[in-house]
Amino acid sequence: MLVMVIGSLFSGLLFLYRDKGNGDRVLRALTWRISLSLLLFAGLLVAYRFGGYSQ
């Protein structure tokens, strides 16, 4: 999941460079990054709550 977040971040950077700020590909890539980050954070909270990993 973390690799997908980093990949989305770099794809947003690539789209920003290629599109010169025009278009919505950057916005979609960064929206995916935020969504994946929130999903990862929620998954970690659920795993902690139900004992998925120990301290």
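Look up a bit, the structure's there.
These remarks concern the structure in this document.

### A few points about the pattern of salt bridges
Think of it this way: side chains of opposite charge can pair up when their charged atoms draw near.
Turning to step 1, where the next piece is worked out: Tallied over the full model, the rule gives two salt bridges.
Turning to step 2, where the next piece is worked out: The partner of Asp-24 in a salt bridge is Arg-28, and the shortest N-O contact between them spans 3.4 Å.

### A few points about the side chain of Asp-19
Turning to step 1, where the next piece is worked out: Examined against the element boundaries, Asp-19 turns out to sit in helix H1 (residues 2-19).
Turning to step 2, where the next piece is worked out: In this structure Asp-19 comes out as buried when scored by relative accessible area, which is 18%.
Turning to step 3, where the next piece is worked out: Here the side chain of Asp-19 touches Arg-25 through a polar contact of 2.9 Å, side chain to side chain.

Reading the values: the criteria
- Residues numbered from 1 in each chain as written.
- Predicted model: local features only at pLDDT ≥ 70, side-chain atom pairs only at ≥ 80, totals over all residues.
- Heavy atoms only, no water.
- Salt bridge = Lys/Arg side-chain N within 4 Å of Asp/Glu carboxyl O.
- Helix = DSSP H or I, 4+ residues; strand = E, 2+ residues; numbered from the N terminus.
- Buried < 20%, exposed > 50% of the residue type's maximum accessible area, 1.4 Å probe, protein only.
- Polar contact = N/O pair within 3.5 Å; in protein donor to acceptor, adjacent residues only side chain to side chain.

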